[in-house]
Amino acid sequence: MTDQNAELDAALEAVVEAARAHLAAVKAAAGRIDDDDVWQAYVTLNNASYAYDEKLLDAFGEVTPWDVESIDPDEADHRFGLVGAGADGAGDDPYDQVVSVRQRRDYRVPSVAALLKVAETARRGSVPEDEDAGPVESVGEAVLELLQAGDGSLASLDVPELEPLDGLLTVTEVTAPLDLEAFDDADGSGPFAPVEGDQLVGRLDEHPFLPDDEDDHAGHNHA
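What comes next is a walk through the structure. (Residues numbered from 1 in each chain as written. Predicted model: local features only at pLDDT ≥ 70, side-chain atom pairs only at ≥ 80, totals over all residues. Heavy atoms only, no water.)

Let's talk about the overall build of the protein
Logical step 1: Of the regular secondary structure elements, the protein holds six helices and three strands.
Logical step 2: Counting from the amino terminus, the protein carries its helices and strands in the arrangement α-α-α-β-α-α-β-β-α.
Logical step 3: For the protein, with 223 residues in total, the buried portion stands at 22%.
Logical step 4: Summed over its atoms, the accessible surface of the protein is roughly 16000 Å², and 53% of this surface lies on carbon and sulfur atoms. (Helix = DSSP H or I, 4+ residues; strand = E, 2+ residues; numbered from the N terminus. Buried < 20%, exposed > 50% of the residue type's maximum accessible area, 1.4 Å probe, protein only. Areas by Shrake-Rupley, 256 points an atom, 1.4 Å probe, with all protein chains shown as cover.)

Looking at the packing of aromatic side chains
Logical step 1: Applying the stated criterion across every chain yields a total of two aromatic pairs.
Logical step 2: Where W39 meets Y42, the ring centres are 5.7 Å apart and the plane angle is 15 degrees; that geometry is what we call stacked. One end of the pair, W39, and the other, Y42, are both in helix α2 (residues 36-60), three residues apart, so they sit about a helical turn from each other.
Logical step 3: Of the residues examined, W39 reaches a relative accessible area of 16% and is grouped as buried.
Logical step 4: On the basis of relative accessible area, Y42 is assigned to the partly exposed category, the value being 38%.
Logical step 5: Both rings, one in Y52 and one in W66, keep their centres 6.1 Å apart while their planes meet at 45 degrees; by these two values the pair is tilted. Here the residue Y52 occupies a position in helix α2, and W66 occupies one in the loop between α2 and α3 (73-84), the gap between them amounting to 14 residues.
Logical step 6: Classification of Y52 as buried rests on a relative accessible area of 13%.
Logical step 7: For W66, a relative accessible area of 35% puts it in the partly exposed group. (Phe/Tyr/Trp six-rings, centres within 6.5 Å; stacked < 30°, edge-to-face > 60°.)

Quick notes on the side chain of R102
Logical step 1: Mapping R102 onto the fold places it in strand β1 (residues 98-108).
Logical step 2: Polar side-chain contacts of R102 include one of 2.7 Å to the backbone oxygen of F192.
Logical step 3: The residues touching R102, leaving out its near neighbours within four places in the chain, are L168, L169, T170, V174, F192, A193, P194 and D198. (Polar contact = N/O pair within 3.5 Å; in protein donor to acceptor, adjacent residues only side chain to side chain. Contact = heavy atoms within 4.5 Å.)

Structure below.
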């Protein structure tokens, strides 16, 4: 039991030292996100706490209030490498890459008048009451208005006035990130066009689910 007590004392001292080191690293980081020293000190404190808890359980059947699991240091370094690489734009990963996700979705407009009306309603909701919102005069302008009034994603176009058609999404490994200044404002295809060196990883074809499809399917007997 004497040896176990000595091991427990040493394990507890390791926890105290690790806690002090972690606090020092946190203070030195001064709120800096994804600091390497803070992460390493965290892993050391976590594993010291886990080791002490295990020794206490083995020796006396008691546990601490620390609900932690051991972290593999090598795995921890890998995890931090992935996170830390985004903190300052650089990391130790020799395979740093840029991935481009591009999406297209087509829509049918059953009623242009109805689409313009819903877009004008969205526009009026985004300007002060004492200002003239002005009319929405084209289908394209209406779609842009709905996107701006929403969150900017295609989900903003989930309205009855637009009937979704087929679409697709591509994932491409690119040699350089998008440079918006390299394209004119009127260039709607250039930013999406692949260039030499880009490698298509894959694409997802999207087909709309329409209520009529379900009705037609329900009318067939597959028994």
